Amino acid sequence: MLAGMAKERGHNLIARNRKARHDWTVLDTYEGGMVLTGTEVKSLRQGRASLVDAFATIDRGEVWLRNVHIPEYTEGTWTNHAPRRSRKVLLHRDEIERLMGKTKESGLSLVPLSLYFSDGKAKVELALARGKRIHDKRRDMAKRDAEREMARAIGQHRKGMR
């Protein structure tokens, strides 16, 4: 670390996979670092990334993030990166082995939920998830609507009491 440079602190969200919780039932979440090139980090610092259609796989004991779109850095030269290249995710060995067992046996998938900077380091939040069927999605929507109606009724009741 160079003297005089301020160290970045906190949690800075870059991208969120909004459809993930709609299309998948999240069973467990994991936080991992990512192996990135310089131009990828600069592009992420500009807040440019997309997790649409992204997923993670486990190949030969390593977790890989696939289909994440990080656009080329606008001020980059010939050293720029490929926008949809596979990126390695850094997790502890026991976490990887646990994920390997669960994804092979139970038919579960690894889905990225968000990309963010934590204390200056790029992180990805991965979810161990099971795909939702249409009736699951309908049940969740009905439950959400019922909760919204209850909150509205309680609010109207409280207003009428005053």
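Residues numbered from 1 in each chain as written. Predicted model: local features only at pLDDT ≥ 70, side-chain atom pairs only at ≥ 80, totals over all residues. Heavy atoms only, no water.

(A) Main features of the side chain of Asn17. Mapping Asn17 onto the fold places it in the loop between β1 (11–16) and α1 (20–23). Overall, the relative accessible area of 14% leaves Asn17 in the buried class. Within the local environment of Asn17, its side chain forms a polar contact with the backbone oxygen of Pro112, the two atoms lying 3.1 Å apart. Contacts of Asn17, omitting those with residues within four sequence positions, involve Leu51, Val111, Pro112 and Leu113. (Helix = DSSP H or I, 4+ residues; strand = E, 2+ residues; numbered from the N terminus. Buried < 20%, exposed > 50% of the residue type's maximum accessible area, 1.4 Å probe, protein only. Polar contact = N/O pair within 3.5 Å; in protein donor to acceptor, adjacent residues only side chain to side chain. Contact = heavy atoms within 4.5 Å.)

(B) Focus on the environment of Glu75. Relative to the helices and strands, Glu75 resides in the loop between β4 (62–66) and β5 (87–90). Residue classification places Glu75 among the exposed residues on the basis of a relative accessible area of 54%. As a C-alpha pair, Glu75 and Gln156 span 81 residues in sequence and 54 Å in three-dimensional space.

(C) Molecular detail of the confidence of the model for the protein chain. Here the protein chain averages 83 in pLDDT, and 93% of its residues register 70 or above. Taken element by element, the predicted model of the protein chain shows its lowest mean pLDDT in α1 (81) and its highest in β4 (91). (pLDDT = per-residue confidence, 0-100.)

(D) Representation of the side chain of Ser114 in the model. Tracing the backbone shows Ser114 in strand β6 (residues 109–118). Leave out the neighbours within four places in its chain, and Ser114 touches Leu13, Ala15, Arg16, Leu51, Lys123, Val124 and Glu125.

(E) Region of interest: the layout of surface pockets. Estimated volume of the largest pocket: approximately 250 Å³. If you trace the largest pocket, you find 16 residues lining it, with Asn17, Lys19, Leu51, Val52 and Asp53 closest to the centre. Taken together, the elements giving at least two residues each to the lining of the largest pocket come down to α1 and β6. The leading source of residues in the lining of the largest pocket is β6, at three residues. (1 Å grid on protein atoms, 1.4 Å probe; cavity = no way out; pocket = protein on both sides within 12 Å on 5 of 7 lines; lining within 4 Å. Points joined across faces, edges and corners; volume = space filled by probe spheres on them.)

(F) Looking closely at helix α3 (residues 93–105). Under the 1.5 Å per step criterion, the end-to-end length of α3 is 18 Å for 13 residues, consistent within 8% with the ideal 18 Å. Every buried residue belonging to α3 is among Glu95, Ile96 and Leu99, and all of these are buried. For α3, the angular spread of the buried residues around the axis is 95°, confining them to a single face. Exposed residues lying more than 90 degrees from the buried face of α3 are Lys104 and Glu105. (Expected span 1.5 Å × (residues − 1). Arc of directions from axis to C-beta.)

(G) Inspection of the domain arrangement of the protein chain at higher detail. Domain boundaries assigned for the protein chain yield domain 1 (11–131) and domain 2 (133–161). The distance between the C-alpha centroids of domain 1 and domain 2 comes to 33 Å. (Domains from an automatic or database assignment.)

(H) Layout of unusual backbone geometry. The phi torsion at Asp53 lies on the positive side, around 65°, for a residue other than glycine. If you trace the backbone, Asp53 turns up in the loop between α2 (38–45) and β3 (55–59). The exposed category is assigned to Asp53, whose relative accessible area is 61%. Of note in the backbone geometry, Asn67 takes a positive phi value of approximately 65° without being a glycine. Residue placement: Asn67 occurs in the loop between β4 and β5.

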